[in-house]
Amino acid sequence: MSSGAAMSLEAIRYRRGSLAILNQLLLPEQLRYEPVASVERAWEAIRAMEVRGAPAIALVGCLSLAVELAAGAGPTGDAAELETFVGERLRFVVTARPTAVNLGREAQRLRDFVRRRVRSPDVTAQGLRESIIEHIEGLLEKDRGDNRSIGAHGARHILQRVPEGGVTLLTHCNTGTLATAGYGTALGIVRALHGQGRLARVFCTETRPYNQGGRLTAFELLHDRIPATLIADSAAAAAMRDRGIQAVVVGADRVAASGDTANKIGTYQLAVAARHHGIPFYVAAPSSSCDPALPGGADIPIEERPGKELTHLQGLCLAAPGIDVWNPAFDVTPHDLITGGIVTEFGVFAPGELREALAERAAAGGQ
Ligand code: MRU
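Residues numbered from 1 in each chain as written. Predicted model: local features only at pLDDT ≥ 70, side-chain atom pairs only at ≥ 80, totals over all residues. Heavy atoms only, no water.

Q: Sorry, what's going on with the sheet that holds strand β2 (residues 18-22) here?
A: Backbone hydrogen bonds are what pair the strands of a sheet, in a parallel or an antiparallel way. Across the sheet, which stays open at both edges, the three strands sit in the order β1-β2-β3 with antiparallel pairing between neighbours. The open sheet terminates on both sides in strands that have one partner only, identified here as β1 (12-15) and β3 (33-35). When the angles between neighbouring strand axes are averaged without regard to direction, this sheet yields 25°. The pairing of β2 with β3 spans three bridges and is antiparallel. Across the sheet, the residue bridging to I21 is E34, located in β3. (Pairing = 2+ DSSP bridges. Helix = DSSP H or I, 4+ residues; strand = E, 2+ residues; numbered from the N terminus. Axes fitted to C-alpha atoms, helices over the stretch in contact; angles between N-to-C directions.)

Q: Honestly, the site of the ligand in this entry has me stumped. Any pointers?
A: Close contacts around the ligand come from 18 residues, with R52, Q212, D253, N263 and K264 the closest. Here D253 contributes a side-chain N or O atom positioned 2.8 Å from an oxygen atom of the ligand. Within the contact set of the ligand, an oxygen atom lies 2.8 Å away from a side-chain nitrogen or oxygen of K264. Protein burial of the ligand: of its 410 Å² of free accessible surface, 100% is covered by the chains. (Near = heavy atom within 4 Å. Polar contact = N/O pair within 3.5 Å; in protein donor to acceptor, adjacent residues only side chain to side chain. Areas by Shrake-Rupley, 256 points an atom, 1.4 Å probe, with all protein chains shown as cover.)

Q: Looking at this structure, I do not really get the state of the cysteines. What am I missing?
A: Note on terminology: disulfide describes a covalent bond linking the sulfur atoms of two cysteines. Summed over all chains, the structure comprises zero disulfides. You can see C62 has no disulfide; the closest cysteine sulfur is in C290, sitting 17 Å from it. Residue C62 is classed as buried on the basis of its relative accessible area, which comes to 1%. (Disulfide = S-S within 2.5 Å. Buried < 20%, exposed > 50% of the residue type's maximum accessible area, 1.4 Å probe, protein only.)

Q: I'm lost on helix α3 (residues 79-93) in this one. Help?
A: Along an α-helix, residues three or four apart share an orientation, since each turn contains 3.6 residues. The end-to-end C-alpha separation of α3 is 21 Å, in line with the 21 Å expected for 15 residues at 1.5 Å each. Its side-chain oxygen 3.1 Å from the backbone nitrogen of A80, D78 forms the N-cap of α3. (Expected span 1.5 Å × (residues − 1).)

Q: I tried to follow the pairing of strand β9 (residues 261-264) on my own but got confused; where do I start?
A: As a general feature of sheets, a regular strand has side chains that alternate between the two faces. The pairing of strand β8 (residues 254-256) with β9 spans two bridges and is classified as antiparallel. When the bridges of β9 are listed, V255 appears paired with T261. Connecting the antiparallel pair β8 and β9 is a turn made up of four residues, with G259 showing a positive phi of about 95°. The pairing of β9 with strand β14 (residues 330-333) spans four bridges and is antiparallel. Looking at the pairing, K264 lines up with F330 of β14.

Q: What's the story with the sheet that holds β14 in this structure? I'm lost.
A: The four strands are arranged β11-β8-β9-β14 in an open sheet whose pairing can be described as mixed. Only two strands of the sheet have a single partner each, and these edge strands are β11 (290-291) and β14.

Q: How do you make sense of helix α11 (residues 351-363) when you look at a structure like this?
A: Burial in α11 covers these residues: P351, L354, A357 and L358. The buried side chains of α11 occupy one side of the element, clustering within an arc of 100° when seen end-on. Set apart from the buried face of α11 by more than 90 degrees, the exposed residues are G352, E356, E360 and A363. In this structure, the buried residues of α11 make contact with β8, β11, β15 (341-344) and β16 (347-349). (Arc of directions from axis to C-beta. Contact = heavy atoms within 4.5 Å.)

Q: Sorry if this is basic, but what is going on with the domain arrangement of the protein here?
A: Quite often, the size of an interface is put as the accessible area lost when its parts meet. Domain boundaries in the protein define domain 1 (3-142) and domain 2 (153-363). A straight line from the C-alpha centre of domain 1 to that of domain 2 covers 25 Å. With 33 residues of domain 1 in contact, the opposing surface of domain 2 contributes 36 residues. A combined buried area of about 2,600 Å² lies between domain 1 and domain 2, and 54% of that area is made up of carbon and sulfur atoms. Three residues stand out in domain 1 for area buried against domain 2, namely L9, R52 and T99, and they jointly supply 25% of the buried area on that side. At the junction of domain 1 with domain 2, the criterion picks out two salt bridges. Measuring nitrogen to oxygen at the nearest pair gives 3.9 Å for the salt bridge that ties E345 to K142. Inspection of the region where domain 1 meets domain 2 yields 16 residue pairs in polar contact (both at pLDDT 80 or more). Of all the secondary structure elements, the ones that give two or more residues to the side of domain 1 that touches domain 2 are α2 (54-70), α4 (102-119) and α5 (125-161). Partitioning the side of domain 1 that touches domain 2 into residue classes produces 20 nonpolar, four polar and nine charged. (Domains from an automatic or database assignment. Buried area = accessible area lost by both parts, 1.4 Å probe. Salt bridge = Lys/Arg side-chain N within 4 Å of Asp/Glu carboxyl O. Nonpolar A, V, L, I, M, F, W, Y, C, P; charged D, E, K, R; others polar.)

In structure tokens form, the structure reads like this:
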């Protein structure tokens, strides 16, 4: 175990054959990396939220398979048998959490990749194994690159509305380095504005009940010396009215074809309050968070977490014992409240344009 702000902040540490995750249940008190040597361990870490955030969940799920394959797991003699093994491992790991689509999408892409490779006449099991590991390793760099693009597109769009001076933002949950391979999505926009000297301040919500804002986002922002203020979730509307918020930027766990977006519980009420105050509301989402096969937000499965996450804090009971609890981890923001736009690695789109824009990119060879 080690601690201290001097350490570089990464949710995921990977080199071929070895994967470790920063145990986010221990933050901000401790920076402790835990080994993940199997798909089962990745499943547990995702379910328990030792690692969380849609892109990081996808990366850890896939990288755990790469680690197993590098250690020689699965059939060694026959490529088709290896394909079956990989398919089974992926089918299992995607069940860890239901709302974020990224892991499901990456698993599907990997299965498609394996199917194409198995069909090629000169494929060997060893060659297939190597190429699967390389495919998975490529996801880390792609995620970092996508986040940089999201940051640049989002910052440019916001600055069109605020041509001079510093911008004051509000964000929710944690969408930063700790939720991705690095840099972040909504927090990537914050970082891009800060890097350009155009961020006045970012307000981050505490994000009850799991406190991703207070524990993780505040920690990241302090680590990077970005001017930030923590607020209770219940202070958000007041901050919009009294603290000069000029845009709200949040992440996404799944964006349906309509542009309706599932994100951390509390996002919807932020969008309602932003509409009331005439503040543009942005969703930052890599295309891997988009699910054009789902028509609208009502089709997105919403995870419900144990009531204890609401009633207890680090073992201390904060609520009347025995009270009934409803604890959805996410909510859906209807597309008409996403007034700023959906910021992807390809650009910023109105919710109604997103599906077509992504289809065009896919046809042009993007993802
Ligand atoms: O329950 P969590 O912490 O996994 O929820 C995370 C969020 O809702 C994020 O906003 C989303 O996954 C995007 S992270 C880039």
